[in-house]
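# Geometric and topological summary
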Amino acid sequence: MVTRPDSSGWRSTSSTRRSNSGSSSRGFNITTDVAVSSVSFNPAIPLQGTSTQIKANITNLGNAEARNAVVAARNSSGSLIGQTTVTLDAGFSQEISINWNLAGLNFGLYSADVSVSLNVDTNKSNNVKSSTLSIEQDLLAPQFSSISVQNILENSTNIIFSVEVSDIGVGV
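All of these numbers come straight from a predicted model, not from anything done at the bench.

## Section: the environment of Ala103
Within the secondary structure, Ala103 sits in the loop between β8 (93–101) and β9 (108–117). If we skip the residues at most four places from it in the chain, Ala103 touches Gly49 and Thr50.

Shown next as structure tokens:
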């Protein structure tokens, strides 16, 4: 049996002798192809100064185990947000989570790229997926109840009243 790498992965061939009448051979390709199949955020619309989880589904589309594939998340300027490794059996998927601390970011739209890399990957075109995150501004939107004032005396220097204030802003 001979095993050697070729352009599409590892190729293994074996040959068998049958008497003296000839030989037969058969071959099969052993491939590893990891892909980022989806990217999402939890919470999907976080508030300024909070954090979100980047959720990515990583799939092994090959027919061999993919060991220690590196999954990395980067912001739109290319800075590393975080990374992890996964090992996937052939045909299996796994969801990974990477925490993204949003402190210091203004409200608005931000993109994140999630990539997966493996030493031997037969199709690198499916290794990156991007998604856009919308960070919302946390607004304090006070709502006041009616103010009630009772028993005001002429020439009073102190007035006692009560009011209830509620935050009806975006909130978490």
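After presenting the structure, the write-up continues.
## Section: the nonpolar core
Within the largest apolar cluster, 23 residues are counted, with the highest numbers of intra-cluster contacts made by Ile54, Ile58 and Val114. Those elements giving two or more residues to this core turn out to be β4 (34–42), β5 (51–60), β6 (66–75), β7 (80–88), β8, β9 and β10 (128–135). Those residues in contact with Ile58 that sit more than four places away from it in its chain are Ala35, Val36, Ser37, Val71, Val86, Leu88, Phe92, Ser93, Gln94, Ile96 and Val116.

## So, the sheet that holds β5
Ordered in space as β4-β5-β8, the three strands form an open sheet in which the pairing is antiparallel. In this open sheet, the two strands that pair with only one neighbour each are β4 and β8. Each strand axis lies, on average, 25° off the axis of its neighbour in the sheet, ignoring direction. Where β4 lies against β5, eight bridges are found, and the strand directions are antiparallel. Looking at β5, one finds that Val36 is bridged to Ile58.

## Re the confidence of the model for the protein
When pLDDT is averaged across the protein, the result is 81; 67% of the residues are at 70 or more. Note that residues 1–19 has pLDDT below 50 and, in this model, 44 contacts with residues that lie over four places away or in other chains.

## Some points on the pairing of β6
With seven bridges connecting them, β6 and β7 associate as antiparallel partners. Following the sheet pairing, Arg74 is matched in β7 by Leu80. Between β6 and β7, which pair antiparallel in sequence order, lie four residues; one of them, Gly78, sits at a positive phi of approximately 90°. Relative to β9, β6 is paired through six bridges, and the arrangement is antiparallel. Considered in β9, the bridge of Val71 is made with Val116.

## Here we look at the packing of aromatic side chains
If you walk through the whole model with that rule in mind, you get one aromatic pair. Here the aromatic rings of Phe41 and Trp100 are separated by 6.3 Å at their centres, their planes lie at 45°, and the arrangement is tilted. Pair noted here: Phe41 is in strand β4 and Trp100 is in strand β8, with a separation of 59 residues, a long-range link. Assigned by exposure class, Phe41 and Trp100 land together as buried.

## A closer look at the pattern of salt bridges
Under the definition given, this model contains one salt bridge. We note a salt bridge from Glu65 to Arg67, for which the minimum N-O separation is 2.5 Å.

## Describing the sheet that holds β7
Strands sit in the order β7-β6-β9-β10 across an open sheet of four strands; the sheet is antiparallel. Strand pairing shows two members of the sheet lacking a second neighbour, β7 and β10, which therefore form its edges. With direction set aside, neighbouring strand axes in the sheet form an average angle of 20°.

Quick notes on the rules
Residues numbered from 1 in each chain as written. Predicted model: local features only at pLDDT ≥ 70, side-chain atom pairs only at ≥ 80, totals over all residues. Heavy atoms only, no water. Helix = DSSP H or I, 4+ residues; strand = E, 2+ residues; numbered from the N terminus. Contact = heavy atoms within 4.5 Å. Core = buried A, V, L, I, M, F, W, Y, C linked by side-chain atoms within 4.5 Å. Buried < 20%, exposed > 50% of the residue type's maximum accessible area, 1.4 Å probe, protein only. Pairing = 2+ DSSP bridges. Axes fitted to C-alpha atoms, helices over the stretch in contact; angles between N-to-C directions. pLDDT = per-residue confidence, 0-100. Phe/Tyr/Trp six-rings, centres within 6.5 Å; stacked < 30°, edge-to-face > 60°. Salt bridge = Lys/Arg side-chain N within 4 Å of Asp/Glu carboxyl O.

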